[in-house]
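If you want the building blocks of each chain, they are given just below.
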Amino acid sequence: MLTIFSVPKAFKGHISVIQRNAITSWTLLLPRPEIILFGKDQGTAECAREFGARHEPEIATNEYGTPLLNDMFRRAESASSHPWIWYVNADILLLGNFMNAFRQVSQQLQKFLLVTERINMDIRESIQFTTGWEERLLRLAREEGVRWGPTGIDVFAYPKGFYPRVPDFGLGRLWFDQWLIKAARQMKAPVVDASLVAPVLHQNHDYNHVPGGAEWVWKGKEAEHNLALYGEKPHSYTLLDVTHELLPNGTLRRVRFRRQRAAVDSFLRKTLLEPTKGIRHRLGLRRGSSRKNAAAKA
């Protein structure tokens, strides 16, 4: 019923490890989705053959050699054999809980964009996808993972035809992900957040594969170009701007005033909590010392 598509980076070193982890996790979803890997970077064709995925080598790039979002989305629409499409970054582990979330939402809505928060994890080696692998990863995520927050969006599930016009964003640079939410909101389509029940797992990596590194990804000319195409102030459309959220009981709840509540929380944290952190810490130590002294006297 659905197709996952992505543009992997060159399969070298640690990037190769985490991308193979991610793609393996996609193949284990039930029912297994169609998988399309775009691009000609090293190892992509070989990986597609190994995992039984479809390889589409052609994709338009900008003057820096970065794949363009509009061409990838157009080609994915044409190549997909199914009515639903998921764009997934190639370092993202998908578990059965996200498939379940997608199924629950699709039973309640006919047309929607499904997104979710990511949890950042340090995974250095190949994952052993043996019995209980999902439970092991979820436990590791609870113990060591770090939630990225409302701007960490790496999965987009939507129906064919949802994005008729996509700007020529440079893929892997800032702002294209937020534009995808903006476009859905402008179409007045439901944007559903599955973060409560199915955050996805992001495998941390460096940016050595990009000339200029992280500084170029975040602040280079491609990021500037993407921001101009976005047409908004930074972070204007994030997980704070969804219309619905999926609850643990499988129902949908309208999201109201999430951005406003987040602004109030941020204000209180900056004005009350952070300035008094040292004082509260010292008071906590004194309280601890008092308890110790009381216990000693007893």
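You'll find the structure just up there.
The notes below deal with the structure included here.

Procedures and definitions
- Residues numbered from 1 in each chain as written.
- Predicted model: local features only at pLDDT ≥ 70, side-chain atom pairs only at ≥ 80, totals over all residues.
- Heavy atoms only, no water.
- Helix = DSSP H or I, 4+ residues; strand = E, 2+ residues; numbered from the N terminus.
- Buried < 20%, exposed > 50% of the residue type's maximum accessible area, 1.4 Å probe, protein only.
- Core = buried A, V, L, I, M, F, W, Y, C linked by side-chain atoms within 4.5 Å.
- Contact = heavy atoms within 4.5 Å.
- Pairing = 2+ DSSP bridges.

## Quick notes on unusual backbone geometry
- Cis geometry is found at the peptide bond from Leu 30 to Pro 31, where omega equals -5°.
- By secondary structure assignment, the location of Pro 31 is in the loop between helix H1 (13-27) and strand S2 (34-38).
- Positioned with a positive phi, Trp 175 is a non-glycine residue whose angle comes to about 85°.
- As for its position among the elements, Trp 175 is in the loop between strand S9 (155-159) and helix H6 (176-186).
- Trp 175 sits in the buried class, given a relative accessible area of 9%.
- Of note in the backbone geometry, Lys 188 takes a positive phi value of approximately 60° without being a glycine.
- Note on placement: Lys 188 falls in the loop between H6 and strand S10 (191-193).
- A relative accessible area of 75% means that Lys 188 is categorised as exposed.

## Quick notes on the nonpolar core
- If you look at the biggest cluster of nonpolar residues, it comprises 37 residues, and the most contacted ones within it are Phe 5, Leu 69, Met 72, Phe 73, Leu 113, Tyr 158 and Tyr 163.
- Only S2, helix H3 (69-79), strand S4 (84-88), strand S6 (113-115), S9 and H6 provide two or more residues apiece to this core.
- No other element matches the 6 residues that H6 contributes to this core.
- With near-sequence residues (within four places) excluded, Leu 69 lies in contact with Val 166, Pro 167, Phe 169, Leu 171, Phe 176 and Leu 180.

## Thoughts on the pairing of strand S11 (residues 200-203)
- Burial of S11 is two-sided: the residues Val 200 and His 202 facing one way and the residues Leu 201 and Gln 203 facing the other way are all buried.
- Both strand S5 (residues 92-93) and S11 contribute to a ladder of 2 bridges, which runs antiparallel. In the strand pairing of S11, Ile 92 is matched with His 202.
- Direction of pairing for strand S7 (residues 118-121) relative to S11: parallel, over a ladder of 4 bridges. Paired with Met 121 across the two strands is Gln 203, which belongs to S11.

## A short note on the sheet that holds S7
- The strand order S5-S11-S7-S8 describes an open sheet built from 4 strands, whose pairing is mixed. The open sheet is flanked by S5 and strand S8 (146-147), the only strands paired with a single partner.

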